Amino acid sequence: MKKQIWANLNSIDTVKEFVAVASQMSCEIDVCSGRYVVDGKSILGLFSIDLSNPVEVVVQGTPEEIEQFDQMSKRFQVEAKN
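Residues numbered from 1 in each chain as written. Predicted model: local features only at pLDDT ≥ 70, side-chain atom pairs only at ≥ 80, totals over all residues. Heavy atoms only, no water.

**Observations regarding the overall build of the protein chain**
Counted only if it meets this: Runs of E in the DSSP output that reach at least two residues are strands. Runs of H or I that reach at least four are helices, and both are numbered from the N terminus. Throughout, radius of gyration means the C-alpha value; the globule benchmark is 2.2 Å times the number of residues raised to the power 0.38. Accessibility here uses a 1.4 Å probe with only protein chains present; expressed as a share of the type maximum, an area under 20% marks a residue as buried, one over 50% as exposed, and anything in between as partly exposed. Note on definitions: a residue-residue contact is assigned when non-hydrogen atoms from the two residues lie within 4.5 Å. For the accessible areas, the method is Shrake-Rupley and the probe is 1.4 Å, while residue cover comes only from the protein chains on display. Think of it this way: Lys and Arg go in the positive column, Asp and Glu in the negative one, and His and the chain ends go nowhere. One atom stands in for each charge, and that atom is NZ of Lys, CZ of Arg, CG of Asp or CD of Glu.
When you go through the protein chain residue by residue, the secondary structure sums to three helices and five strands. N-terminal to C-terminal, the α/β element order of the protein chain is β-α-β-β-α-β-α-β. Computed over C-alpha atoms, the radius of gyration of the protein chain comes to 11 Å, within 12% of the 12 Å expected from 2.2 N^0.38 for 82 residues, which places it in the range of a compact globule. With the principal axes as the frame, the protein chain shows a C-alpha extent of 30 × 30 × 20 Å. Burial status across the protein chain gives 41% buried among its 82 residues. Within the protein chain, contacts between residues at least 6 apart in sequence are counted, and of these 68% link residues at least 24 apart. Total accessible area computed for the protein chain in this model is approximately 4900 Å², and 49% of it derives from carbon and sulfur atoms. A gap of 3 Å separates the mean positions of the 8 positive and 12 negative side-chain charges of the protein chain.

**Here we look at the side chain of glutamate 65**
Rules: What makes a salt bridge here is a side-chain nitrogen of Lys or Arg within 4 Å of a carboxyl oxygen of Asp or Glu, nothing more.
Among the structural elements, glutamate 65 can be located in helix H3 (residues 63–72). No salt bridge is formed by the buried glutamate 65. Its closest oppositely charged neighbour is lysine 41, at 8.1 Å.

**Some words on the pairing of strand E4 (residues 55–60)**
For the record, the criterion: Two strands make a pair as long as DSSP finds a minimum of two bridges between them.
Relative to E4, strand E1 (residues 2–7) is paired through six bridges, and the arrangement is antiparallel. What sits directly across from lysine 3, in E4, is valine 59. One ladder, built from five bridges, connects strand E2 (residues 28–33) with E4; its direction is antiparallel. Within the sheet, the bridge partner assigned to glutamate 28 lies in E4 and is glutamine 60.

**Comments concerning the packing of aromatic side chains**
The test is simple: Any two of the Phe, Tyr and Trp rings considered here, Trp counted by its six-membered ring, make a pair once their centres fall within 6.5 Å; the pair's planes then place it as stacked at under 30 degrees, edge-to-face at over 60, or tilted in between.
If you walk through the whole model with that rule in mind, you get two aromatic pairs. Centroid distance phenylalanine 18 to phenylalanine 69: 6.0 Å. Interplanar angle 90 degrees. Geometry classified as edge-to-face. Taken together, the residues phenylalanine 18 in helix H1 (residues 12–23) and phenylalanine 69 in helix H3 connect sequence positions 51 residues apart. Classification of phenylalanine 18 as buried rests on a relative accessible area of 0%.

**With respect to H3**
Cut-off, in case you're wondering: Working definition: the arc comes from the directions between the helix axis and the C-beta atoms, pointing outward to the latter.
Buried residues of H3: Glu65, Ile66, Phe69 and Asp70, and no others. Down the axis, H3 shows its buried residues gathered within 135 degrees of arc, on one side only. Tucked into the core, H3 has its buried residues touching E1, H1, E2, E4 and strand E5 (77–78).

**Description of the environment of isoleucine 49**
Tracing the backbone through its elements, the reader meets isoleucine 49 in the loop between helix H2 (43–47) and E4. For the pair isoleucine 49 and valine 15, spaced 34 residues apart in the sequence, the C-alpha separation amounts to 12 Å. With near-sequence residues (within four places) excluded, isoleucine 49 lies in contact with Val31, Ser33, Tyr36 and Val38.

**Let's talk about the sheet that holds strand E3 (residues 36–39)**
With respect to topology, five strands assemble into an open sheet ordered E3-E2-E4-E1-E5, the strand pairing being antiparallel. Where the open sheet ends on each side, the last strands, each with one partner, are E3 and E5. Bridging between E1 and E5 involves two bridges; their strand directions are antiparallel. For tryptophan 6, the partnering residue across the bridge sits in E5 and is valine 78.

Everything listed is a geometric property; what it means functionally is a separate question.
See the structure below:
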């Protein structure tokens, strides 16, 4: 199963917190900015993309894993871009 959310990761502390949450998960978490896709569990990967605007987060896993990540990442989530 796959779920797409939008997240605001525009500060160093927010990126650290996001990586800490993502690293607790066994599912796959990708962060997309423009045409670039990086591993959501990689702090270096996240700092290599443009974080000045909300980024797309794609979570792939079981429904239970996706729900758990969704709950743990609420503080980073923003409304979907139009």
